[in-house]
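Chain and residue survey
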Amino acid sequence: MKNFVVAIDGPAGAGKSTVAKIVAKKLKFLYVDTGAMYRALTLKAMKLGIPWNEKEKLIEMAKNTKIELLDNDKYRVLLDGEDVSEEIRKEEVSKNSDYVASILEIRQILWGKQRDFREKYNIVMEGRDIGSKVFPDAQLKIFLDASVEERAKRRYLQLKGMGIEINLEEIKKEIIKRDERDKNREIAPLIKSDDYYYIDTTNLTIEEVVEKIIKLYEKKKEERGN
Ligand code: C5P
């Protein structure tokens with residue numbers, strides 16, 4: 001029997017990372033943040049100064065890159081052995097990450113790496129295309145969503161907590177832009193098909209969302225008969 005996959009997809013700022021980490025801990029599954037992989041490649045291209053229209057160079061770079069996601073207490077991200085966990089979260093990287101994410105050959109390289117995790121582990125994997133492209137046969141597919149206002153507010157508070165002052169309206173605009181890009185890109189857009197459980201987190205606490213997912217998991221496990 002194939003290892004269990006909890007696929008968590010949804011737009012930026014819906015709370016995927018926070019929720020997915022807790023769910024993974026509770027189930028004792030491996031947590032995999034696929035956004036971190038796209039971010040790591042984006043950062044590398046920026047450091048190497050590869051222009052975004054040089055597709056072949058970007059693909060070549062992706063082929064020759066080692067990305068490691070450490071599922072320990074701090075969830076470190078290593079890019080060719082170097083810890084880039086903080087650097088990949090910078091606004092510059094967020095803004096540019098759609099370039100590599102829109103190249104099919106690069107996605108295929110990352111899909112391969114992402115699928116490898118299931119060979120050894122039960123996983124909770126978050127991203128935009130986990131239930132649609134990476135694991136269409138995932139045993140549990142969750143679509144996490146929240147209103148644009150709520151997602152902007154959460155991001156605002158998160159940045160404020162980090163000592164970064166930024167205008168709420170600016171964040172809202174940025175989120176709307178990212179939604180557009182995620183939903184409308186030609187390759188692996190963010191889509192919510194019927195096989196997803198849709199959870200609107202706008203008025204829910206983190207604990208409530210986690211509890212819903214755990215309940216759904218238990219139901220699925222029962223159906224599967226183990
Ligand atoms: O989720 P996060 O904001 O870290 O994602 C970073 C970038 O990677 C975004 O541009 C997002 O669209 C892209 N991404 C993707 N497919 C995934 C995960 C993230 O295209 N499975």
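Residues numbered from 1 in each chain as written. Predicted model: local features only at pLDDT ≥ 70, side-chain atom pairs only at ≥ 80, totals over all residues. Heavy atoms only, no water.

Things to note about the site of the ligand
Close to the ligand lie 15 residues; Arg39, Asp129, Arg178, Asp182 and Arg185 are nearest. At a separation of 3.0 Å, a nitrogen atom of the ligand approaches a polar side-chain atom of Thr34. Separating an oxygen atom of the ligand from a side-chain N or O atom of Arg185 is a distance of 2.8 Å. About the coverage of the ligand: the protein hides 95% of its 450 Å² of free accessible area. For the shell around the ligand, the secondary-structure elements that each account for two or more residues are helix 2 (34-48), helix 4 (91-101) and helix 8 (168-184). Here the shell around the ligand is composed, by residue class, of three nonpolar, four polar and eight charged. (Near = heavy atom within 4 Å. Polar contact = N/O pair within 3.5 Å; in protein donor to acceptor, adjacent residues only side chain to side chain. Areas by Shrake-Rupley, 256 points an atom, 1.4 Å probe, with all protein chains shown as cover. Helix = DSSP H or I, 4+ residues; strand = E, 2+ residues; numbered from the N terminus. Nonpolar A, V, L, I, M, F, W, Y, C, P; charged D, E, K, R; others polar.)

Quick look at the sheet that holds strand 3 (residues 67-69)
Sheet strands associate in pairs through backbone hydrogen bonding, adopting either a parallel or an antiparallel arrangement. Taken in spatial order, the three strands line up as 3-4-5 in an open sheet, and their pairing is antiparallel. Either end of the sheet is taken by a strand with one partner, and the two such strands are strand 3 and strand 5 (82-83). Here three bridges tie strand 3 to strand 4 (residues 77-79), and the two strands are oriented antiparallel to one another. Among the inter-strand pairings, Leu69 is bridged to a residue of strand 4, identified as Val77. In this fold helix 2 packs onto strand 3, strand 4 and strand 5, with an angle of close to 140° to the strand it touches most, strand 3. (Pairing = 2+ DSSP bridges. Contact = heavy atoms within 4.5 Å. Axes fitted to C-alpha atoms, helices over the stretch in contact; angles between N-to-C directions.)

Some remarks on helix 3 (residues 55-63)
Taken as a whole, helix 3 has its buried residues at Leu58, Ile59, Met61 and Ala62. The buried residues of helix 3 all sit within an arc of 160° when viewed along its axis, so they share a single face. In helix 3, those exposed residues whose orientation departs by more than 90 degrees from the buried face are Glu56 and Lys63. Among the structural elements, helix 2 and helix 5 (104-120) are those in contact with the buried residues of helix 3. (Buried < 20%, exposed > 50% of the residue type's maximum accessible area, 1.4 Å probe, protein only. Arc of directions from axis to C-beta.)

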